[in-house]
Structures are given as C-alpha cells and as structure tokens.
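As a plain string of letters, each chain reads:
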Amino acid sequence: MKRWIGRALGLPIAFLFLYCLLALIGALIPAGSQATITPISKARVNKSRPNAVQLVSGPIHYDFLIPLDAQVRARFQFLEEAGLPIADPRSRWLVIGWGARSFYTTTGGYQDVTLKAVIKGAAGDHSVLRVDVLGTLPNLPDLPKVRFDADEYDAFLEALTQSFERDEAQGVLRLPLPGFTQRDAFFAAKGRFHLFQTCNTWVARMIHASGRRFGIWTPLPYSIRLSHALYLDS
C-alpha cells in the first residue's frame, strides 16, 4: 500500500519537475525572425528601437504596459467604442494581458481563486483579455522593457489586436464581468488557455510576432525573466 501511495505522489512531483525544466529550456531557445544577435551599445539600441513597451509582473502573470501615443490610440479605437476611455487625453497608459477566464476573472486576491478554477485552467479553459487604461504614473518603477523599431512595433500592435475574439460585425466582445479597477474590462479572446499555453506564453507570442527574439516556450514567470535577460535586455 505504501509503495502505491509513494508512486501516486511521485508522478505529479516528477511531472512538476519536468514541466519546470522544460520551462527553463524553452526560455533559453530563441524564436523570432531575427537570425543573429549583433552586439551594439544600449544607446544605439534605444535610438534604433524608440518604441518601448514595459512588462508588469504579478506573482504568476505578466501584462504589457503600453504608452497611449497617437498610434496606439488609433489602433485600439475599437476599445473606445467598447467603453474604455482610450481617446481621453488624461489616459496615458494601456494595460493588456491574456489568461484563463475562470482563473483570471476572479476578483480579490489569489486566495479567492477556487480549486475548480485552477484545475479548469490547467486542463483547458476559454481565454480572456483584461484591458485597463491608466492616467499619469508619476512614480513609474524601472520595469523590464521591450523595444521595437517602427515595423516591429506595428507588427506587435497588430498581434495584440488580433488576440481579441470578434463577432460577425467584427466588434470585440466585452464580457459582463466585474473588473479589478474602476476602468478595466474583460474581453473574449482567441485561443484556449491550458497548462502548455499560459498567459506568459501569450506574452512571448506577441513578442515573436514583432520579429524580436524571445524564448520559444515561456509558461512561467521565470521563463519570461530569463528570456528578457538573454534577448531583450540590451
């Protein structure tokens, strides 16, 4: 009996170890259209890639923090039509992240997430995008940045907009769910969330879409941090 119990406990532990190991390896192996890395100074990188998007981390999740410049306001005008104040001149930042519907939309802290939501997310759940609009951030911390040139930035923004599920009239689908702030909202998203396609792998896909190099599979927060340090922290 003890032998069977040991084996039953050993299988999930072995799976967890393998999952974490593959998450490390996936962060090390780059994907993206850039075939080589040319060592140049940070000043030259900043000049050649003037568009900077920041990565905001939680305990298990990353969001993009995007400055609401004219290009972004125009590209995300459909969010204004869905009730978010994109065009308001007091709006300065767009926050966007992707996740499992049952898990991601739970209000409160992580302690409020049910076991059912966790299991459903791991096994497979509908995905959602959470979008928030922020004003001026006077004490913006030094967050990790992803820098893009003009073409890369356009491709990145296009990938973000294509992540929204749309109806027959090509309108986005705002979900009747409470948000975390006074101005955020959840939208139906493309793709299905599961253990091998997480919020953090979505972040990598958006970066890959721009042509920037990043880890090929980044399901965990440390995968994002490692890939950023290897391929984008210059």
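Quick note: structure is the one above.
None of these values were measured; they are calculated from a predicted model.

A. Broad picture of the sheet that holds strand β7 (residues 185-193). Read from one edge of the open sheet, six strands run β6-β2-β3-β4-β5-β7, paired in antiparallel fashion. The open sheet terminates on both sides in strands that have one partner only, identified here as β6 (145-148) and β7. Averaged over neighbouring strand pairs, the angle between their axes works out to 25° when direction is ignored. Pairing analysis gives eight bridges linking strand β4 (residues 93-100) to strand β5 (residues 125-134), with the strands arranged antiparallel. Residue pairing across strands places A100 opposite S127, the latter belonging to β5. Against the sheet, helix α7 (residues 150-161) makes contact with β2 (51-57), β3 (62-67), β4 and β6, and its axis sits at roughly 125° relative to β3, the strand it touches most.

B. Here's a closer look at the nonpolar core. Counting 41 residues, the largest nonpolar core has F64, I66, L79, L94, F156, L160 and F164 as its most contacted members. I66 has contacts with V53, V72, R92, W93, L94, I96, Y153, F156 and L160, leaving out every residue within four places of it along the chain. Counting residues in hydrophobic clusters, the runner-up holds five residues, among them V128, L175, F186 and A188.

Conventions adopted
Residues numbered from 1 in each chain as written. Predicted model: local features only at pLDDT ≥ 70, side-chain atom pairs only at ≥ 80, totals over all residues. Heavy atoms only, no water. Pairing = 2+ DSSP bridges. Helix = DSSP H or I, 4+ residues; strand = E, 2+ residues; numbered from the N terminus. Axes fitted to C-alpha atoms, helices over the stretch in contact; angles between N-to-C directions. Contact = heavy atoms within 4.5 Å. Core = buried A, V, L, I, M, F, W, Y, C linked by side-chain atoms within 4.5 Å. Buried < 20%, exposed > 50% of the residue type's maximum accessible area, 1.4 Å probe, protein only.

Read these as spatial facts, not as claims about activity.
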